[in-house]
Every structure is written in C-alpha cells, then in structure tokens.
Amino acid sequence: MKRTGYLLGVGLLLAVLAPAAVALDIVGIDVVGDIHFVRKVKGDDSVPPAVFPHWVHLVNFKCFVCHNKTVGFQMKAGSADITMDAIENGKYCGVCHKGEPAFGVSFETCDRCHRK
Ligand code: HEC
Ligand code: HEC
Ligand code: HEC
C-alpha cells in the first residue's frame, strides 16, 4: 500500500513537470540561462557588458511582467537598445532596478549587473 502511494506520488509529480518542460520547449530555448548582453553603445570599456540572470527573475515574476510593450523586452536576446541613460530614466531594467523592488544603480551595484 505504501509503495503504491509512492508510485502514485512520482506519477503525479511527472504529470505536473512534463507539461512545464514541454511549455519551455515550445519557446525553443533554455529560458533559465543567463543572457550576456553584447554592448551596443560606446562607453567605458573597463566595465564588462551586463548579464541578465533570467532564473533569479523567474522566481519573482511571470513572463509578461517583462515581456510586454511597456517594459520593452522581446523574447530575443539583443533586441532592446538598453543604455544606462534609459535605465536611470526608469526604462528597461530601470522599471525595477531603482531601489524598490530591486537594487538601484550606484557605484556599489555596478558589478552586480556588469560581470564577466
Ligand atoms: C540593473 C543592472 C545594471 C546596473 C546596476 C548597472 N548597469 Fe550599466 N548597463 C546595464 C545594461 C543592461 C546595459 C546594456 C548592455 C551593456 O552595454 O553592458 C548597461 C550599459 C552600460 C554601459 C554602456 C554604455 C551606456 O552608457 O549604456 C556602461 C559604460 C555601463 N553600463 C556602466 C555602468 C556603471 C559604471 C554602473 C554603476 C554605476 C552600472 N553600469 C550599473 C545594466 C546595469
Ligand atoms: C524580469 C524580466 C523578465 C522576466 C520575468 C522574463 N524575462 Fe525573458 N528576457 C528578459 C530580458 C531582459 C531578455 C533579453 C532581451 C533583449 O536582450 O533584448 C529576455 C529574453 C528572453 C528570451 C530570448 C532568449 C535568447 O537567448 O534569445 C526568451 C525566449 C525569454 N526571455 C523567455 C521568457 C519566458 C518564457 C519567461 C517566463 C517564464 C521570461 N522570459 C521571463 C527579461 C525577462
Ligand atoms: C520586473 C522587475 C525587474 C526587471 C525589469 C529587472 N529586474 Fe533584475 N531583479 C529584480 C528583483 C526583484 C531582483 C531581486 C531583488 C534584488 O536583488 O534587489 C533582481 C535581481 C537582479 C540581479 C541580482 C541577481 C543575483 O545574483 O542576486 C541582477 C544581476 C539583475 N537583477 C539584473 C537585471 C538586469 C540587467 C535587468 C535588465 C536587463 C533586470 N535585472 C531587470 C527585478 C527586476
């Protein structure tokens, strides 16, 4: 009886996980991966290009929170023309990275986004 319960548990778990895996597969990529931006705007080259850790954000937000016309992120790396000016004017990453709900831009935080 115990064993049946265990198997049923595993079965249910797979039933829940499989559609999730399929859903991500339809999107066609490994969504959990980090996005390493390629710099588009000339700037201080001693600052490495920014990295966007998708996974950390997926824990807090649904896809459409960022993937919509207002925030401006498309599901294609390199689509958005992100600059520090835009971020500090509250666009793109700056919609959230302004102290609340996420850390803002300051000299203490540069290397949280800009890292190798
Ligand atoms: C919330 C994340 C985040 C923080 C914090 C942040 N940046 Fe950026 N920054 C970006 C992104 C995204 C880009 C666009 C991709 C790139 O060029 O690296 C960018 C672009 C840049 C650029 C390219 C030129 C430009 O003006 O857009 C420089 C230089 C830069 N950042 C320096 C800094 C410095 C210095 C700090 C700290 C004072 C900082 N950044 C803090 C995310 C961040
Ligand atoms: C906190 C914001 C945020 C959330 C939430 C988010 N994304 Fe993203 N996503 C981004 C950013 C930023 C990019 C890079 C866009 C660019 O470079 O122009 C991106 C890029 C992508 C890409 C393209 C990856 C590539 O390599 O081309 C896909 C696919 C994607 N997201 C799917 C999703 C899905 C599915 C979800 C929900 C499960 C999700 N995203 C949630 C911000 C987010
Ligand atoms: C919808 C809101 C939202 C947007 C848009 C967003 N972030 Fe975040 N981000 C968060 C929150 C919330 C956290 C976790 C809280 C914190 O660390 O302050 C976070 C954490 C991070 C971290 C720290 C991850 C770690 O390892 O602890 C980095 C780096 C980061 N974001 C970069 C970016 C960059 C780059 C962009 C734009 C391309 C971006 N974020 C856009 C909300 C957002």
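The structure this text deals with has already been given above.
Values in this document were obtained by computation on a predicted structure and should not be read as measured data. (Residues numbered from 1 in each chain as written. Chains lettered and ligands numbered in written order. Predicted model: local features only at pLDDT ≥ 70, side-chain atom pairs only at ≥ 80, totals over all residues.)

Participant: Hey, could you run me through the overall build of the protein chain in this one?
Facilitator: Helices and strands together make up the secondary structure of the protein chain, namely five helices and two strands. Here the protein chain holds 116 residues, and the buried ones make up 4% of them. (Helix = DSSP H or I, 4+ residues; strand = E, 2+ residues; numbered from the N terminus. Buried ≥ 20, exposed ≤ 12 C-beta atoms within 10 Å, placed from the backbone.)

Participant: Looking at this model, I keep getting lost on the site of ligand 3. Mind explaining?
Facilitator: Taken together, 20 residues are adjacent to ligand 3, and Phe52, Cys93, Cys96, Ala102 and Phe103 come closest. In terms of residues, the shell around ligand 3 owes the most to one element, helix 2 (residues 54-60), which gives three residues. Among the residues forming the shell around ligand 3, the class breakdown is 16 nonpolar, three polar and one charged. (Near = placed C-beta within 6 Å. Nonpolar A, V, L, I, M, F, W, Y, C, P; charged D, E, K, R; others polar.)

Participant: What's the story with the environment of Pro53 in this structure? I'm lost.
Facilitator: Secondary-structure assignment places Pro53 in strand 2 (residues 51-53). C-beta crowding within 10 Å serves as the criterion here: with 13 such atoms nearby, Pro53 is assigned to the partly exposed category.

Participant: Please explain the site of ligand 2 as it appears in this structure.
Facilitator: Around ligand 2 sit 21 residues, and of these His57, Cys63, Cys66, Ala77 and Ala80 come closest. Within the residue set of the shell around ligand 2, elements represented by two or more residues are helix 2 and helix 3 (63-66).

Participant: Quick question: what am I supposed to make of the environment of Cys110 here?
Facilitator: By the element assignment, Cys110 lies in helix 5 (residues 110-113). Given 15 C-beta atoms within a 10 Å radius, Cys110 is considered partly exposed. Counting along the chain gives 63 residues from Cys110 to Val47, while the straight-line C-alpha distance between them is 8.4 Å.

Participant: What's the story with the environment of Ile82 in this structure? I'm lost.
Facilitator: Mapped onto the elements, Ile82 comes out in the loop between helix 3 and helix 4 (84-88). We classify Ile82 as buried; it has 21 C-beta atoms within 10 Å. Along the chain, Ile82 and Cys93 lie 11 residues apart, while their C-alpha atoms are 8.3 Å from each other. Every residue in contact with Ile82, bar those within four places of it in the chain, is listed here: Phe37, Ile87, Tyr92 and Cys93. (Contact = placed C-beta atoms within 7 Å.)

Participant: How should unusual backbone geometry be read in this particular structure?
Facilitator: Trans peptide bonds make up the majority, and among non-glycine residues the majority have a negative phi. A cis amide bond, omega 5°, links Glu100 with the succeeding residue Pro101. Tracing the chain through its elements places Pro101 in the loop between helix 4 and helix 5. Its identity is not glycine, yet Tyr92 carries a phi of approximately 45°, on the positive side. Looking at where Tyr92 falls in the secondary structure, it is placed in the loop between helix 4 and helix 5.

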